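# Structural overview
The primary structure of each chain is shown beneath.
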Amino acid sequence: EPPSGTRDFFPEQIRLQKAAAKAAHQAAAGAAKPGQKQTSGHTVAEHVEVGRAIETEPPSGTRDFFPEQMRLQNWLFGHFRATARRFAFQEYDAPVLESEELYKRKGGEEITEQMYNFVDKDGKNVTLRPEMTPSLARMILSLGGKVLLPVKWFSLPQCWRFETVQRGRKREHYQWNMDIIGEKSVAAEIELLAAVVDFFRGIGITAADVGLKVNSRRVLSAILTKFGIAPDQFPFVCVIVDKLDKIGADAVVELLLGQGVAEAAGRQIVASLSLKSVDELKLLMGDTDDGGAVDELVTIFEMAEAYGFADWILFDASVVRGLAYYTGIVFEGFDRRGELRAICGGGRYDKLLSLYGSPEVVPACGFGFGDCVVIELLKERGLLPTLEPEVDFVVAPYNAELRAACAKVAALLRGAGFAVDVLLEPAKKVKKAFEYADRVRGDRVFFVAPDEWASGKVRMKDLRSGSADDKEVDLPLDGLIAALAEMGITSSAK
Ligand code: 4JQ
């Protein structure tokens, strides 16, 4: 048998596959004759070798970003960056390829089980990063204490996983990361929560759409201690408890049993997860040593009032997140209709840097915010922006001799910061230029024609203005930008 989850392709299946791919590609290419011009503007190959049709889909579970999708991605990233700027976080990046060693840890998490790993040509065990936090920890560690803490850093990495591809189960996504390294108090978590809320508000999402569940792993830790469960079992217990929503209470108790947690203790752990208020939690904890967990939660809820996001957050003891390294406060963003997966998640990871060999304890916390679920949410609420390419001007030469003149006009406009598209094929008919401008969403057309050019002028036509009289105007080349400014026409660039 081939490796689990893989298929053999015997000759018959290979022939079938090849025939199907070829047919699809040829259908797309159309049945045009060599040399013939196609409607798309392409010319069918005449004196070139036509190879076997390539696969046009990107690798399994990955996405292409065509311009329309790229505009949306840039819009989303623009909001991520704008929030990061408002909270004074600095942007950083790291290679998408990392040493597999960076993710070797106890806990049996999904994220480390699904690594997109391989052995490179040097024999090194490497992986496409499944998450950003270990790279950030590595970078902070590499500064060897030469950085003044705390630091507030953010990034927009593409992260990878390798798993069976199904609907909504891709192998890559982009994940906005915001982290505060070197602050042990919940003041750090509060800033992170405020940033998440700031971002949601920025894209038109309200507290009626989204909430942030907050918990502390120290509560669970205290419960484990009470039942005599060894601290080294803690990450495993958290990763199991994280599955509660997916697999149910009985299955969680069963898995805990596998980690040496007695059934009675397992039941009590699961029962404690149904707490939905800090007051209930206080009652349950009594004088159990929770390492200050309840006090921290109280502080978060108090400070949320001062920050003005109290209506966004709630306590939920069942939120633990699926990463082994969280040690304290954990939180996740969810849609209040309960239709979508978690929108974002984060927490405190005070032991990660020491795990990587830091001689000092470096407290840290952060969150990850994926690019997919929030887009689904915006679609569902009718909040997706309609984005179009921004072209201020199309400059069109009347004939080949006027290309140089056209180039001067374009350079002048571009020098002033305008977005300028040049019609590459000269057009005697203005209609051609207008049709082109229409297609590329150009706002105005400069028509560079012999008579006007001879008198030092260019004709501008406004394609967006409603009124007929200011639609067409001859402007002097000399002082063109000033003339445009006088008409209130300035670059659309921010
Ligand atoms: C974690 C979560 C992910 C996705 C696509 C890729 C991915 C990769 O939707 O979610 C990791 N490591």
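It should be emphasised that the depicted structure is a prediction, and the values quoted were computed from it without experimental measurement. (Residues numbered from 1 in each chain as written. Predicted model: local features only at pLDDT ≥ 70, side-chain atom pairs only at ≥ 80, totals over all residues. Heavy atoms only, no water.)

### Overview of the pattern of salt bridges
Should their charged atoms come close, side chains of opposite charge can pair. Under the defined criterion, the tally for this structure stands at 30 salt bridges. In this structure, the salt-bridge partner of Glu172 is Arg63, at a minimum N-O distance of 2.8 Å. Taken together, the residues span a long stretch of sequence, with Glu172 in strand E7 (residues 172–181) and Arg63 in the loop between helix H1 (11–29) and helix H2 (67–86) at a distance of 109 residues. Classification of Glu172 by relative accessible area gives buried; the value is 2%. Glu163 is paired through a salt bridge with Arg161; the nearest N and O atoms lie 3.6 Å apart. Accessibility expressed as a relative area gives 13% for Glu163, which makes it buried. By relative accessible area, which is 22% here, Arg161 ends up partly exposed. Each of Asp209, Asp335, Glu380 and Arg381 takes part in salt bridges that share partners, so that together they form one network. (Salt bridge = Lys/Arg side-chain N within 4 Å of Asp/Glu carboxyl O. Helix = DSSP H or I, 4+ residues; strand = E, 2+ residues; numbered from the N terminus. Buried < 20%, exposed > 50% of the residue type's maximum accessible area, 1.4 Å probe, protein only.)

### What about the nonpolar core?
Of all hydrophobic cores here, the largest spans 79 residues; its most connected members are Trp176, Phe200 and Phe369. By residue number, the principal contributor to this core is helix H5 (residues 187–202), which donates 10 residues. Ignoring any residue separated from it by four or fewer positions in sequence, one finds Trp176 in contact with Phe80, Thr83, Ala84, Phe154, Ser155, Leu156, Ala195, Phe199, Phe367, Gly368 and Phe369. Core analysis: the next-biggest nonpolar cluster, separate from the first, contains 20 residues, Ala94, Ala137, Ile181 and Leu352 among them. (Core = buried A, V, L, I, M, F, W, Y, C linked by side-chain atoms within 4.5 Å. Contact = heavy atoms within 4.5 Å.)

### Digging into the sheet that holds strand E15 (residues 442–448)
Spatially, E14-E13-E15-E16-E17 is the arrangement adopted by the 5 strands of the open sheet, whose pairing is mixed. The open sheet has two edge strands with one neighbour each: strand E14 (420–422) and strand E17 (472–476). Between one strand axis and the next, the sheet turns by 25° as a mean value, whatever way the strands run. As paired elements, strand E13 (residues 391–397) and E15 share 6 bridges and run parallel to each other. Paired with Val394 across the bridge in E15 is Val445. Running at roughly 165° to E13, helix H15 (residues 403–415) makes contact with E13, E14, E15 and strand E16 (457–462) of the sheet. Helix-sheet contacts for helix H16 (residues 430–439) involve E13, E14, E15 and E16, and the interaxial angle to E15 is about 155°. (Pairing = 2+ DSSP bridges. Axes fitted to C-alpha atoms, helices over the stretch in contact; angles between N-to-C directions.)

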